Amino acid sequence: MKILIVGGSGGIGSSLVSSCLDYYPESDIIATYNTHPGDIHHSRLQWRKLDVTIEDDIENLSNDLGSIDLLINAVGFLHSESQKPEKTIKEFDPTFFQHNININTLPSILLAKHFMTSLRSNKTTHFVAFSAKIGSIEDNRMGGWLSYRVAKSALNMAMKTIAIEWSLKVPNCCVILFHSGTTDTQLSKPFQKNLPVGQLHSTNHTTDALLDIINSSAPADTGKFMSYNGSEIPW
Ligand SMILES: NC(=O)c1ccc[n+]([C@@H]2O[C@H](COP(=O)([O-])OP(=O)(O)OC[C@H]3O[C@@H](n4cnc5c(N)ncnc54)[C@H](OP(=O)(O)O)[C@@H]3O)[C@@H](O)[C@H]2O)c1
């Protein structure tokens, strides 16, 4: 089994790398990083540098790797040192918005474009992207965080569209959007203070939940927007 974890250096990504090493003892794992490789080392693990905003690099990686059984995109962006998600439309900044699209939406589309052939198999394969419940239009009761929200909604539409196309062209691939719940990483750090007790998940909890969903899902489940608790999230 060959597993590609894009963003394997992130908070959730690095937990996924170590969980997959345990969970799939026969697997070879390729994990990507952008700025610094993760600190996990293993004979079945290979680190590759990948800036997911550069299409040529994604294409080169797919040419190098060939067939893949499980591709998980755990890249994401919510805030920088200088900019937090918007509380009001008055804070909207086109550059921040574009960066959200570049990191939260585009990479999964480019990965789908270049790994479509790699995921075609006689056996079940999986293509998973990390979305967020905040990208659900139906669930939006609070407003705010416009750029992140829009970028994840756009990701949801893109993955749903890819799932429909692939149900004919890559019929054994199960395309899944996953909502982790608030997970204790650098991405959520500034927003953890007022969370109700029990609502901050450890990265291990999140990766266990995702691997359970992957292992219990079949191609017939393609195109679903799944929560960590196993329920489907409305669009
Ligand atoms: N944590 C939460 O509470 C939460 C909740 C809902 C959804 N999510 C989603 O879950 C996913 C993982 O989040 P996380 O909490 O693990 O975030 P994180 O710890 O901040 O990790 C983000 C990852 O994205 C990578 N990245 C950023 N820009 C990149 C680029 N241009 N090219 C390649 N990689 C790039 C980072 O790589 P480097 O570190 O190497 O730069 C890092 O691996 C994200 O999609 C996020 O939106 C998280």
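This text gives an overview of the structure that appears in the document. (Residues numbered from 1 in each chain as written. Predicted model: local features only at pLDDT ≥ 70, side-chain atom pairs only at ≥ 80, totals over all residues. Heavy atoms only, no water.)

**Quick notes on the pairing of strand 2 (residues 28–33)**
Looking along a regular strand, one sees the side chains alternate between the two faces of the sheet. Counting buried residues in strand 2 gives five out of six residues, a clear majority hidden from the surface. Where strand 1 (residues 2–6) meets strand 2, four bridges bridge the pair, whose relative direction is parallel. Following the sheet pairing, Leu4 is matched in strand 2 by Ile30. In this sheet, strand 3 (residues 45–49) lies alongside strand 2 in parallel orientation, the contact comprising five bridges. (Buried < 20%, exposed > 50% of the residue type's maximum accessible area, 1.4 Å probe, protein only. Helix = DSSP H or I, 4+ residues; strand = E, 2+ residues; numbered from the N terminus. Pairing = 2+ DSSP bridges.)

**Overview of the site of the ligand**
Within the structure, the ligand sits among 30 residues, and Val75, Tyr148, Thr183, Thr185 and Gln186 are positioned closest to it. Here an oxygen atom of the ligand and a backbone polar atom of Gly11 are 2.8 Å apart. In the model, a nitrogen atom of the ligand is placed 3.0 Å from a nitrogen or oxygen of the Val52 main chain. Coverage of the ligand by the protein chains reaches 89% of its 900 Å² of free accessible surface. Contributing elements (two or more residues each) for the shell around the ligand: helix 1 (11–23) and helix 5 (146–169). Tallied by class, residues from the shell around the ligand come to 11 nonpolar, 17 polar and two charged. (Near = heavy atom within 4 Å. Polar contact = N/O pair within 3.5 Å; in protein donor to acceptor, adjacent residues only side chain to side chain. Areas by Shrake-Rupley, 256 points an atom, 1.4 Å probe, with all protein chains shown as cover. Nonpolar A, V, L, I, M, F, W, Y, C, P; charged D, E, K, R; others polar.)

**Quick notes on the side chain of Ser136**
When you line up the elements, Ser136 lands in the loop between strand 5 (125–130) and helix 5. By relative accessible area, Ser136 is classed as buried at 1%. Only 3.0 Å separates the side chain of Ser136 from the backbone nitrogen of Asp139, close enough to count as a polar contact. A polar contact of 2.8 Å, which involves the side chain of Ser136, links it to the backbone oxygen of Pro234.

**Things to note about unusual backbone geometry**
The phi torsion at Trp145 lies on the positive side, around 50°, for a residue other than glycine. Here Trp145 lies in the loop between strand 5 and helix 5. You can call Trp145 partly exposed: its relative accessible area is 26%.

**Details of the pattern of salt bridges**
One pass over the full model with this rule turns up eight salt bridges. Across the pair Glu232 and Lys224 runs a salt bridge, and its minimum N-O distance is 3.8 Å. A single network of salt bridges, built from pairs that share partners, joins Asp221, Lys224 and Glu232. (Salt bridge = Lys/Arg side-chain N within 4 Å of Asp/Glu carboxyl O.)

**Re helix 6 (residues 203–216)**
Compared with an ideal rise of 1.5 Å per residue, which puts 14 residues at 20 Å, helix 6 spans 20 Å between its outermost C-alpha atoms and is within 8% of the ideal. Among the residues making up helix 6, those that are buried are Thr203, Thr206, Thr207, Ala209, Leu210, Leu211, Ile213 and Ile214. Looking at the buried residues of helix 6, the elements they touch are helix 1, strand 4 (70–73), strand 5, strand 6 (173–179) and strand 7 (224–227). (Expected span 1.5 Å × (residues − 1). Contact = heavy atoms within 4.5 Å.)

**So, the sheet that holds strand 6**
Strand order across the open sheet formed by seven strands is 3-2-1-4-5-6-7, with parallel pairing between neighbours. Edge positions in the open sheet fall to strand 3 and strand 7, since each of these has one partner strand only. Strand-to-strand twist across the sheet, computed as the mean angle between neighbouring axes with direction ignored, equals 20°. Sheet topology note: the strand 1/strand 4 ladder contains four bridges and is parallel. Bridged to Leu4 within strand 4 is Leu71. The strands that helix 1 touches are strand 1, strand 2, strand 3, strand 4 and strand 5; relative to strand 1, the one it contacts most, it runs at about 165°. Lying over the sheet, helix 4 (residues 106–115) contacts strand 1, strand 4 and strand 5, oriented at roughly 160° with respect to strand 4. (Axes fitted to C-alpha atoms, helices over the stretch in contact; angles between N-to-C directions.)

**Concerning helix 1**
With 13 residues, helix 1 should reach 18 Å at 1.5 Å per residue; the first-to-last C-alpha distance of 18 Å fits that figure. Buried residues along helix 1 sit in contact with strand 1, strand 2, strand 3, strand 4, strand 5 and helix 6.

**Describing the nonpolar core**
Ranked by size, the top nonpolar core spans 33 residues in total, and within it Leu4, Leu71, Phe115, Leu119, Phe127 and Trp166 carry the most contacts. Of all the elements in the fold, those that place two or more residues in this core are strand 1, helix 2 (55–65), helix 3 (94–104), helix 4, strand 5, helix 5 and strand 6. Per element, the largest residue contribution to this core is five residues, and it comes from helix 5. Sequence-distant contacts of Leu119, defined by excluding residues within four places in its chain, comprise Ile68, Asp69, Leu71, Thr125, His126, Phe127, Trp166, Val170 and Cys173. Membership of the second largest hydrophobic core comes to 28 residues, among which are Val17, Leu210, Leu211 and Ile214. (Core = buried A, V, L, I, M, F, W, Y, C linked by side-chain atoms within 4.5 Å.)

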